[in-house]
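Geometric and topological summary
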Amino acid sequence: MNIRKANKSDEESIRQIHLKTFGDDEKELVANLACELLRESSSPNSIHLVAEAESYLVGHIAFSPIHSKTKGNLIGYILAPLAVLPSHERKGIGKKLIEEGFKELASRKVEVILVYGDPKFYSRFGFKPEPAEKYLPPFELKYPFGWQAIDNRAINPAKQPEPIQCVSALNKPELW
Ligand SMILES: CC(C)(COP(=O)(O)OP(=O)(O)OC[C@H]1O[C@@H](n2cnc3c(N)ncnc32)[C@H](O)[C@@H]1OP(=O)(O)O)[C@@H](O)C(=O)NCCC(=O)NCCS
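In this report, we go over the structure that sits alongside the text. Just so we're clear, the structure is a prediction, and the values are computed from it rather than from any experiment.

Reading the values: the criteria
- Residues numbered from 1 in each chain as written.
- Predicted model: local features only at pLDDT ≥ 70, side-chain atom pairs only at ≥ 80, totals over all residues.
- Heavy atoms only, no water.
- Buried < 20%, exposed > 50% of the residue type's maximum accessible area, 1.4 Å probe, protein only.
- Helix = DSSP H or I, 4+ residues; strand = E, 2+ residues; numbered from the N terminus.
- Pairing = 2+ DSSP bridges.
- Right-handed = clockwise from strand over helix to strand, strands pointing away.
- Axes fitted to C-alpha atoms, helices over the stretch in contact; angles between N-to-C directions.
- Parallel < 35°, antiparallel > 145°, perpendicular 65-115°, else oblique.
- Left-handed = near helix turned anticlockwise from the far one by under 90°.
- Contact = heavy atoms within 4.5 Å.
- Nonpolar A, V, L, I, M, F, W, Y, C, P; charged D, E, K, R; others polar.
- Salt bridge = Lys/Arg side-chain N within 4 Å of Asp/Glu carboxyl O.

We now examine the pairing of strand β4 (residues 74-84). Residues in a regular strand point their side chains to alternate faces of the sheet. Here β4 lies mainly inside the structure; 10 of its 11 residues are buried. Examined bridge by bridge, strand β3 (residues 56-68) and β4 share eight bridges and lie antiparallel to one another. When the sheet's bridge partners are listed, H60 is paired in β4 with A83. Adjacent in sequence and paired antiparallel, β3 and β4 are bridged by five residues, among which G72 carries a positive phi angle near 80 degrees. Of the crossover connections in this fold, the one passing from β4 over helix α3 (residues 93-107) to the parallel strand β5 (residues 112-116) is right-handed.

Okay, structure coming up:
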(Lines give C-alpha, C1' and ligand atoms only; values in the text may rest on other atoms or scores of the structure.)
Protein backbone atom coordinates (compact mmCIF):
# COMPACT_ATOMS: atom_id res chain seq x y z
CA MET A 1 0.00 0.00 0.00
CA ASN A 2 1.38 3.30 -1.12
CA ILE A 3 0.39 6.84 -0.07
CA ARG A 4 0.91 9.53 -2.68
CA LYS A 5 -0.32 12.99 -3.62
CA ALA A 6 -3.50 12.93 -5.69
CA ASN A 7 -3.65 14.48 -9.12
CA LYS A 8 -6.56 15.71 -11.23
CA SER A 9 -6.79 12.40 -13.11
CA ASP A 10 -7.65 10.64 -9.82
CA GLU A 11 -10.97 12.50 -9.58
CA GLU A 12 -13.26 9.67 -10.68
CA SER A 13 -11.54 7.12 -8.42
CA ILE A 14 -11.77 9.53 -5.50
CA ARG A 15 -15.48 10.08 -6.21
CA GLN A 16 -16.03 6.30 -6.19
CA ILE A 17 -14.20 5.86 -2.86
CA HIS A 18 -16.56 8.30 -1.17
CA LEU A 19 -19.67 6.92 -2.90
CA LYS A 20 -18.80 3.40 -1.74
CA THR A 21 -17.82 4.42 1.79
CA PHE A 22 -20.43 6.86 3.08
CA GLY A 23 -24.09 6.07 3.70
CA ASP A 24 -26.87 6.89 1.22
CA ASP A 25 -27.83 10.04 3.11
CA GLU A 26 -24.45 11.73 2.64
CA LYS A 27 -22.44 9.90 -0.03
CA GLU A 28 -23.28 12.27 -2.93
CA LEU A 29 -22.60 15.31 -0.77
CA VAL A 30 -19.21 14.03 0.38
CA ALA A 31 -18.18 12.70 -3.05
CA ASN A 32 -19.01 16.08 -4.61
CA LEU A 33 -17.09 17.86 -1.87
CA ALA A 34 -13.99 15.71 -2.48
CA CYS A 35 -14.09 16.37 -6.24
CA GLU A 36 -14.76 20.09 -5.90
CA LEU A 37 -11.88 20.42 -3.45
CA LEU A 38 -9.61 18.63 -5.91
CA ARG A 39 -10.59 21.06 -8.67
CA GLU A 40 -10.60 24.25 -6.59
CA SER A 41 -7.49 26.44 -6.54
CA SER A 42 -6.71 28.11 -3.23
CA SER A 43 -3.91 29.99 -1.62
CA PRO A 44 -2.20 28.14 -0.06
CA ASN A 45 -3.22 25.05 -1.99
CA SER A 46 -5.15 22.14 -0.49
CA ILE A 47 -3.49 18.81 0.24
CA HIS A 48 -4.95 15.65 -1.31
CA LEU A 49 -3.45 12.25 -0.57
CA VAL A 50 -4.57 8.87 -1.84
CA ALA A 51 -3.84 5.33 -0.71
CA GLU A 52 -3.08 2.98 -3.56
CA ALA A 53 -3.34 -0.80 -3.17
CA GLU A 54 -2.43 -3.04 -6.08
CA SER A 55 -3.48 -0.90 -9.02
CA TYR A 56 -6.43 1.00 -7.63
CA LEU A 57 -7.17 3.66 -5.03
CA VAL A 58 -8.62 2.62 -1.67
CA GLY A 59 -8.46 5.78 0.41
CA HIS A 60 -8.49 9.56 0.15
CA ILE A 61 -7.93 12.49 2.50
CA ALA A 62 -8.05 16.24 1.94
CA PHE A 63 -6.91 19.23 3.97
CA SER A 64 -7.97 22.71 2.81
CA PRO A 65 -6.84 26.10 4.15
CA ILE A 66 -8.94 28.20 6.52
CA HIS A 67 -8.58 31.94 6.96
CA SER A 68 -9.77 34.42 9.54
CA LYS A 69 -13.00 35.93 8.26
CA THR A 70 -12.22 39.26 9.90
CA LYS A 71 -8.45 39.56 9.38
CA GLY A 72 -8.00 37.48 6.22
CA ASN A 73 -4.84 35.82 7.53
CA LEU A 74 -4.30 32.07 7.35
CA ILE A 75 -5.30 30.24 10.51
CA GLY A 76 -4.58 26.68 9.46
CA TYR A 77 -6.19 23.79 7.64
CA ILE A 78 -9.33 21.71 7.98
CA LEU A 79 -9.34 17.96 7.45
CA ALA A 80 -12.27 16.93 5.21
CA PRO A 81 -13.15 14.51 3.82
CA LEU A 82 -11.49 11.20 4.72
CA ALA A 83 -12.58 7.78 3.49
CA VAL A 84 -11.16 4.27 3.21
CA LEU A 85 -13.07 1.67 1.17
CA PRO A 86 -15.04 -0.74 3.42
CA SER A 87 -13.06 -3.66 1.90
CA HIS A 88 -9.83 -2.09 3.22
CA GLU A 89 -10.93 -0.74 6.60
CA ARG A 90 -9.13 -1.44 9.89
CA LYS A 91 -5.79 -2.06 8.22
CA GLY A 92 -4.17 1.18 9.28
CA ILE A 93 -4.81 3.04 6.01
CA GLY A 94 -6.87 5.86 7.52
CA LYS A 95 -4.18 6.36 10.16
CA LYS A 96 -1.44 6.45 7.52
CA LEU A 97 -3.36 9.01 5.43
CA ILE A 98 -3.77 11.26 8.49
CA GLU A 99 -0.13 10.89 9.54
CA GLU A 100 1.19 11.63 6.04
CA GLY A 101 -1.12 14.65 5.89
CA PHE A 102 0.24 15.87 9.23
CA LYS A 103 3.81 15.56 7.90
CA GLU A 104 2.94 17.74 4.91
CA LEU A 105 1.23 20.27 7.20
CA ALA A 106 4.28 20.33 9.49
CA SER A 107 6.51 21.07 6.49
CA ARG A 108 4.21 24.05 5.81
CA LYS A 109 4.58 25.16 9.46
CA VAL A 110 0.83 24.75 10.05
CA GLU A 111 -0.11 25.06 13.72
CA VAL A 112 -3.90 24.69 13.69
CA ILE A 113 -5.77 21.73 12.21
CA LEU A 114 -9.55 21.58 12.51
CA VAL A 115 -11.89 18.69 11.85
CA TYR A 116 -15.66 18.12 12.00
CA GLY A 117 -16.19 14.40 12.60
CA ASP A 118 -16.55 11.54 15.04
CA PRO A 119 -14.53 12.24 18.24
CA LYS A 120 -14.23 8.48 18.90
CA PHE A 121 -12.07 8.27 15.80
CA TYR A 122 -10.35 11.67 15.64
CA SER A 123 -9.38 11.86 19.33
CA ARG A 124 -6.81 9.11 18.58
CA PHE A 125 -4.90 11.62 16.50
CA GLY A 126 -4.82 14.42 19.07
CA PHE A 127 -7.98 16.30 18.07
CA LYS A 128 -9.87 17.81 21.02
CA PRO A 129 -13.04 19.90 21.36
CA GLU A 130 -11.59 22.58 23.71
CA PRO A 131 -9.09 24.17 21.29
CA ALA A 132 -11.77 24.22 18.56
CA GLU A 133 -13.89 26.55 20.71
CA LYS A 134 -11.57 29.38 19.62
CA TYR A 135 -12.77 28.99 16.01
CA LEU A 136 -16.29 29.75 14.83
CA PRO A 137 -17.32 27.56 11.88
CA PRO A 138 -18.99 29.27 8.88
CA PHE A 139 -22.40 27.69 9.60
CA GLU A 140 -24.27 26.45 12.64
CA LEU A 141 -23.19 22.87 13.38
CA LYS A 142 -25.70 20.03 13.34
CA TYR A 143 -23.33 17.99 15.57
CA PRO A 144 -21.39 20.51 17.72
CA PHE A 145 -19.54 17.70 19.53
CA GLY A 146 -17.78 16.87 16.24
CA TRP A 147 -15.95 20.22 16.10
CA GLN A 148 -12.34 19.54 17.16
CA ALA A 149 -8.87 20.94 16.73
CA ILE A 150 -5.19 20.42 17.20
CA ASP A 151 -3.82 23.85 18.04
CA ASN A 152 -0.10 24.19 18.67
CA ARG A 153 -0.12 27.98 18.78
CA ALA A 154 1.06 29.72 21.93
CA ILE A 155 -1.89 29.92 24.29
CA ASN A 156 -3.56 33.25 23.72
CA PRO A 157 -7.25 32.73 24.36
CA ALA A 158 -9.40 35.03 22.30
CA LYS A 159 -12.35 36.60 24.11
CA GLN A 160 -14.64 35.75 21.22
CA PRO A 161 -14.26 32.78 18.89
CA GLU A 162 -12.59 33.75 15.62
CA PRO A 163 -14.97 33.39 12.63
CA ILE A 164 -13.31 31.28 9.97
CA GLN A 165 -13.61 31.30 6.20
CA CYS A 166 -13.30 28.03 4.28
CA VAL A 167 -12.69 27.39 0.58
CA SER A 168 -15.83 27.57 -1.61
CA ALA A 169 -16.31 23.79 -1.79
CA LEU A 170 -16.80 23.69 2.00
CA ASN A 171 -18.75 26.91 2.22
CA LYS A 172 -22.16 25.19 2.06
CA PRO A 173 -24.57 24.91 5.01
CA GLU A 174 -25.56 21.33 4.17
CA LEU A 175 -21.99 20.16 4.94
CA TRP A 176 -22.11 21.45 8.51
C1 LIG B 1 -13.14 6.12 9.63
C2 LIG B 1 -12.20 5.53 8.56
C3 LIG B 1 -11.56 6.65 7.75
C4 LIG B 1 -11.12 4.72 9.29
O5 LIG B 1 -10.21 4.22 8.33
P6 LIG B 1 -9.41 2.88 8.61
O7 LIG B 1 -8.39 2.71 7.56
O8 LIG B 1 -10.36 1.77 8.83
O9 LIG B 1 -8.74 3.25 10.02
P10 LIG B 1 -7.41 2.61 10.61
O11 LIG B 1 -7.39 1.14 10.31
O12 LIG B 1 -6.25 3.40 10.18
O13 LIG B 1 -7.66 2.81 12.15
C14 LIG B 1 -6.94 3.76 12.91
C15 LIG B 1 -7.42 3.65 14.35
O16 LIG B 1 -8.78 4.09 14.43
C17 LIG B 1 -9.61 3.05 14.93
N18 LIG B 1 -10.87 3.17 14.19
C19 LIG B 1 -11.10 2.85 12.91
N20 LIG B 1 -12.38 3.15 12.57
C21 LIG B 1 -12.95 3.66 13.68
C22 LIG B 1 -14.24 4.16 13.96
N23 LIG B 1 -15.22 4.18 13.05
N24 LIG B 1 -14.48 4.61 15.22
C25 LIG B 1 -13.52 4.60 16.15
N26 LIG B 1 -12.26 4.15 15.92
C27 LIG B 1 -11.99 3.67 14.72
C28 LIG B 1 -8.86 1.77 14.66
O29 LIG B 1 -9.21 0.77 15.58
C30 LIG B 1 -7.42 2.21 14.84
O31 LIG B 1 -7.10 2.29 16.22
P32 LIG B 1 -5.69 1.79 16.77
O33 LIG B 1 -4.65 2.66 16.08
O34 LIG B 1 -5.79 2.04 18.23
O35 LIG B 1 -5.59 0.36 16.39
C36 LIG B 1 -12.98 4.56 7.63
O37 LIG B 1 -13.57 3.55 8.40
C38 LIG B 1 -14.05 5.25 6.81
O39 LIG B 1 -13.78 5.72 5.72
N40 LIG B 1 -15.30 5.31 7.35
C41 LIG B 1 -16.43 5.88 6.68
C42 LIG B 1 -16.27 7.37 6.41
C43 LIG B 1 -15.90 8.14 7.64
O44 LIG B 1 -16.44 7.90 8.72
N45 LIG B 1 -14.94 9.08 7.46
C46 LIG B 1 -14.31 9.81 8.53
C47 LIG B 1 -15.20 10.59 9.40
S48 LIG B 1 -15.77 12.05 8.59
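There is more to say after this.
Another point: the packing of helix α1 (residues 11-21) against helix α2 (residues 27-39). Interaxial distance between α1 and α2 falls to 8 Å at its minimum, and their mutual angle equals 155 degrees. As the angle between them shows, α1 and α2 are arranged roughly antiparallel. Crossing of α1 against α2: the hand is right-handed. Contacts from E11, I14, R15, H18 and L19 of α1 reach α2 at K27, E28, V30, A31, N32, A34, C35, L38 and R39. When the residues that make up the contact of α1 with α2 are grouped by side-chain class, the tally is seven nonpolar, two polar and five charged.

Attention now moves to the pattern of salt bridges. As a working rule, side chains carrying opposite charge can pair if their charged atoms are close by. Following the criterion strictly, the structure yields 13 salt bridges and no others. The shortest N-O distance in the salt bridge between E36 and K172 comes to 2.7 Å. Here K172 lies in the segment after β8 (162-165) and E36 lies in helix α2, a separation of 136 residues in the sequence. By relative accessible area, which is 24% here, K172 ends up partly exposed. A salt bridge links E162 to K71; the nearest nitrogen and oxygen atoms lie 3.4 Å apart. Of the two residues, E162 is situated in strand β8 and K71 in the loop between β3 and β4; the sequence distance between them amounts to 91 residues. For K71, a relative accessible area of 61% gives the class exposed. Within this structure, R4, D10 and E52 form a network of salt bridges that share partners.

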